[in-house]
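Okay, here's what each chain looks like letter by letter:
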Amino acid sequence: MDKTNIVARTGNEAMAEAMRQINPDVVAAYPITPATEVVQIFAGYVADGLVKTEFVPVESEHSAMSACIGSAAAGGRTMTGTSSQGLALMAEMLYIAAGLRLPIVMADVNRALSSPINIHCDHSDTMMVKESGWIQIFSENCQEAYDNMLQAIRIAEKAKLPVMVTTDGFIISHGMERLEILSDADAKAFVGEYKPEYYLLNFEKPITVGALDLTDYYFEHKRQQIEAIKDSKQIILDVAGEFGAKFGREYGLFEKYKMDGAEIVIVAMGSTAGTAKVVVDGLRSKGVKAGLVKPRIFRPFPKEELAESLKGMKAIAVMDRSDSMNAQEGPLALEIKAALYDAPAGSCRTVLSYIYGLGGREIKLEDIELVYNDLSEASKGKAKPKVSYLGVRE
Amino acid sequence: MIEIRWHGRGGQGAKTAALLLADAALASGKYIQAFPEYGPERMGAPVASFNRISPSPIKLHSGVTDPDIVIVLDPTLMDSVDVTEGMPANGTLLVNIEKSPAEVKVIFGIGAGIKICTVDASNISIETIGRDIPNTPMLGALIKATGILDFKEMMEDMKKKLEKKFKTKPEVIAGNLKAIERAYNEVRI
C-alpha cells in the first residue's frame, strides 16, 4: 500500500475526491443544496482534465437519473449526486435503474423534504426511496463517506444493483474533518476496471433493455431482483473485508460500539451515531452498561445480524431522523421491531422509538443522555412512551 | 478538546478562517472539525463558524454551544450579538479592534474571568495585504493569545499552502505571511 494522504476535507469534498479517483465514464447531475458541491467540484475535475468522464449537465434530477440509466445500460461506469427534492424527482427513475439491474452509484446528501421547505438534515429523502431497490449505505463522518463511495462502486458492479451512499446534510456535507485519502494508484486498483456482463453497446451479444414484461414474466424478474438484494449482503461484507485488509479501516453491515456487556442500547444511523458514542463513553466511565449499534447498511436490512447483536439487551431505543407518517414508529424502529419478532424466544421486547432532528433540529449530548436515562428506567420495569419526539416544542 | 466560535459578517471570511485554522491544526497532527453556521448566507449579516481541535479522533457531531475561545472579526457585531454566550468563565475572547482589552471589557461589559485579547487586524490587513480581510491575521493573534498551535510550524505550513495557491502572485504570499506575523506580535493580551 502506498502512503496515505491526511487532508482536511468536507463531506462533499470527500465524496467528490472519491469520484475523481473512480474516474467514472459518465456523471449526469443537477445541483441541489446541500449536495451541489459534490458535482460542482467534480465538474471542476472534468474541466481541468483530471478525469476522462463525460459530464452531462441536465435540466432536472429526473433527467439526471434518466441519463445515468442510459449510460449504465450502454455499459458505462456511471455516477451522480443529489439530495431531498432532487431525490424525490428521481424516484420514478430510481425504480427503473434498480429493475434494470444497473450499477449506478449516487452520492445522496440527506436533507428534509418539503413541505414546509427546509434545506437541513434529516433522513426523510433517503427513507422515501427505501423500497426502490437501491442499496443504501449511511456514513457517520467524512472518512466513512469517502470509504463508502469507493466500496459502493465494487458492490454495485458485483451485485448488479444501484447504490446510494448518504451523508448528513450540512453536518457532514459542509463539515470539514480529518480525512485519510488513498493514493490514486491504490484507489484505482481497488475499484478496478468495470467489465459489464451485458450491455447495449456490445454488438457481439445483443440484448433488449426495458422491454414490456406483463403477467408472463414480470414476477420472475422481480423475484430475481429480490434475490439480488438478498445476495448483496454478502457482497457488501466481501468488499468491506477486502477494503479493511488493504487499507486498515474495518466496515461491516453495522458497527457495534461498546456492546460487550451492554444492557441498554441505542440504534442510530449517520452523524448522530458519533455524538451517541461520546455519550456512551461518559456513561461507561460511570459504570452504566450502555452500548450503541450503528446500522451502516439500511438496504438490504441486516435483519438476522442486527437481532443477534441486540440479544440479551434489557432495553433498546431506536432513533429515527424521519417519521413514517403511519401513526406508528419511525422506519428504522419498525425494521428493528420486525427483526426482533423473528429472533429466538427471550429476545428483548422493550423497544422505544425516538423521532429526532427533523429539518436539521439540533441533537445534543443532553438529548441522547435523556434517551439512555429512559432506557435505564425502562430496563428496571418502568413504563415509558412507545414513541417520543426529542427536542420538539409541543 | 478545544471548541472555538468565530463571529463575523457575511463576506468577511469567518468560514474561511475556521477552515484555515483547521487545516493548520491538522498539519500539526491534530484531529479537527470546521463548520459554518448553517443558514442563509447574506453579505453583511451576522454569521458564525466553528472549530473543534483535539489530540484524539472527534466523534461529536452536534453544534458548538460552549466555546472555550471566541473570535470576533467585526466589533460592530457586539452591539447586537452576545458573543460571550455559552463561554465558560475562564474563556478567551479575541476581538479585531483598535481598543485595548481593558477598554473592550468596559465598553461591552464582558464578564470577569474572561481573558480579553485585542488586535487591530483590519488595519494590519490593509497595510500588508491591501484590503480589509482580518481573518488571516487573526490566526496569528489567536496562536499568541492561546498557544493552541506552534507559531513557527504554522507559519511554515501556511507558507507552503500559500505558495501552492498563489503561484503567480508572490506579493499575496508575502502580504499574508506578514499580516499573520504582525498580528502575532501586536496582539494585546
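Source: prediction; values computed, not measured.

*Asks:* Outline the overall build of chain B, supporting the account with residue identities and numerical values.
*Replies:* Helices and strands together make up the secondary structure of chain B, namely six helices and six strands. What you see in chain B, going N to C, is helices and strands ordered as β-α-β-β-β-β-α-β-α-α-α-α. Here chain B has a C-alpha radius of gyration of 16 Å; the compact-globule value for 189 residues is 16 Å, and the two agree. Considering only C-alpha atoms, chain B reaches an extent of 45 × 40 × 35 Å along its principal axes. Evaluated residue by residue, chain B yields a buried proportion of 48% over its 189 residues. When contacts within chain B are restricted to residue pairs at least 6 apart in sequence, those whose partners lie at least 24 apart make up 61%.

*Asks:* Before we move on, can you summarise the packing of helix α4 (residues 135–146) of chain B against helix α6 (residues 170–186) of chain B with the specific residues and values?
*Replies:* All names here are of chain B. Relative orientation of the contacting elements α4 and α6 amounts to 35°, with a least axis distance of 7 Å. In the packing of α4 onto α6, the handedness of the crossing is right-handed. Of the residues in α6, those touching α4 at T136, P137, M138, L139, G140, A141, I143 and K144 are N176, A179, I180, E181, R182, A183 and Y184. Partitioning the contact of α4 with α6 into residue classes produces nine nonpolar, three polar and three charged.

*Asks:* So, helix α1 (residues 11–22) of chain A: which residues are in play, and what are the values?
*Replies:* Residue and element names in this part refer to chain A. In this model, α1 (twelve residues) spans 17 Å end to end at C-alpha, consistent with the 16 Å of a helix rising 1.5 Å per residue. The element α1 is extensively covered by neighbouring structure, given that twelve of its twelve residues are classed as buried. When α1 is considered as a whole, its buried residues turn out to be G11, N12, E13, A14, M15, A16, E17, A18, M19, R20, Q21 and I22.

*Asks:* Which residues make up the confidence of the model for chain B, and what values do they have?
*Replies:* Considering every residue of chain B, the mean pLDDT works out to 93; 98% of them sit at 70 or more. For this predicted complex, the interface confidence score (ipTM) comes to 0.92, while the overall pTM stands at 0.96.

*Asks:* How would you explain the domain arrangement of chain A if you had to name every residue and give the values?
*Replies:* Residues and elements named next belong to chain A. Under the domain assignment, chain A is made up of domain 1 (5–247) and domain 2 (254–389). The gap between the C-alpha centroids of domain 1 and domain 2 is 28 Å. Each partner contributes residues to the interface: domain 1 has 26 residues there, and domain 2 has 20 residues. Secondary structure elements with two or more residues in the side of domain 1 that touches domain 2: α5 (124–128), β6 (135–138) and α8 (218–247). The element contributing the most residues to the side of domain 1 that touches domain 2 is α8, with five residues. Partitioning the side of domain 1 that touches domain 2 into residue classes produces twelve nonpolar, eight polar and six charged.

*Asks:* Talk me through the interface of chain A and chain B; I want residue IDs and the actual numbers.
*Replies:* With 21 residues of chain A at the interface, the matching set in chain B holds 16 residues. Elements that contribute at least two residues to the side of chain A that touches chain B include exactly β1 (5–10), β8 (176–181) and α9 (271–285) of chain A. With six residues, the single largest contributor to the side of chain A that touches chain B is α9 of chain A. Note: β8 of chain A against strand β2 (residues 31–36) of chain B, two bridges, orientation antiparallel. In the strand pairing of β2 of chain B, E177 of chain A is matched with Q33 of chain B.

*Asks:* So what's going on with the sheet that holds strand β11 (residues 290–295) of chain A? Which residues, and what values?
*Replies:* All names here are of chain A. On the basis of which strands lie adjacent, the open sheet formed by six strands has the order β9-β11-β10-β13-β14-β15 and mixed pairing. Among the strands making up the open sheet, the edge pair consists of β9 (254–257) and β15 (387–389). Pairwise comparison of adjacent strand axes, ignoring direction, gives a mean angle of 20° for this sheet. As paired elements, strand β10 (residues 264–267) and strand β13 (residues 315–320) share four bridges and run parallel to each other. Of the residues in β13, the one forming a bridge with I266 is A317. Sheet strands touched by α9: β9, β10, β11 and β13. Its angle to β11, the strand with the most contacts, is close to 165°. Sheet strands in contact with helix α11 (residues 331–341) are β10, β13 and β14 (351–355), and its direction is about 145° off that of β13.

*Asks:* Could you give an account of the packing of helix α1 (residues 14–27) of chain B against α4 of chain B, naming the residues involved and the relevant values?
*Replies:* Residues and elements named next belong to chain B. At a minimum axis distance of 9 Å, the contact between α1 and α4 shows a crossing angle of 45°. For the element pair α1 / α4, the angle class is oblique. The handedness of the crossing between α1 and α4 is right-handed. On α4, the residues touching A14, T16, A17, L20, L21 and A24 of α1 are N135, M138 and L139. Split by residue class, the contact of α1 with α4 holds seven nonpolar, two polar and no charged.

*Asks:* How would you explain the pairing of β13 of chain A if you had to name every residue and give the values?
*Replies:* Sheet faces and side chains relate simply in a regular strand, where the side chains alternate between the two faces. All names here are of chain A. With six of six residues buried, β13 lies mostly within the body of the structure. Residues of β13 alternate between two faces, with A315, A317 and M319 on one and I316, V318 and D320 on the opposite face, all of them buried. By the bridge criterion, five bridges tie β13 to β14 in an arrangement that is parallel. When the bridges of β14 are listed, D320 appears paired with I355. Note that the unit made of β13, α11 and β14 has a crossover that is right-handed.

The rules behind each value
Residues numbered from 1 in each chain as written. Chains lettered and ligands numbered in written order. Predicted model: local features only at pLDDT ≥ 70, side-chain atom pairs only at ≥ 80, totals over all residues. Helix = DSSP H or I, 4+ residues; strand = E, 2+ residues; numbered from the N terminus. Rg over C-alpha atoms; globule rule 2.2 N^0.38 Å. Buried ≥ 20, exposed ≤ 12 C-beta atoms within 10 Å, placed from the backbone. Contact = placed C-beta atoms within 7 Å. Axes fitted to C-alpha atoms, helices over the stretch in contact; angles between N-to-C directions. Left-handed = near helix turned anticlockwise from the far one by under 90°. Nonpolar A, V, L, I, M, F, W, Y, C, P; charged D, E, K, R; others polar. Expected span 1.5 Å × (residues − 1). pLDDT = per-residue confidence, 0-100. Domains from an automatic or database assignment. Pairing = 2+ DSSP bridges. Parallel < 35°, antiparallel > 145°, perpendicular 65-115°, else oblique. Right-handed = clockwise from strand over helix to strand, strands pointing away.

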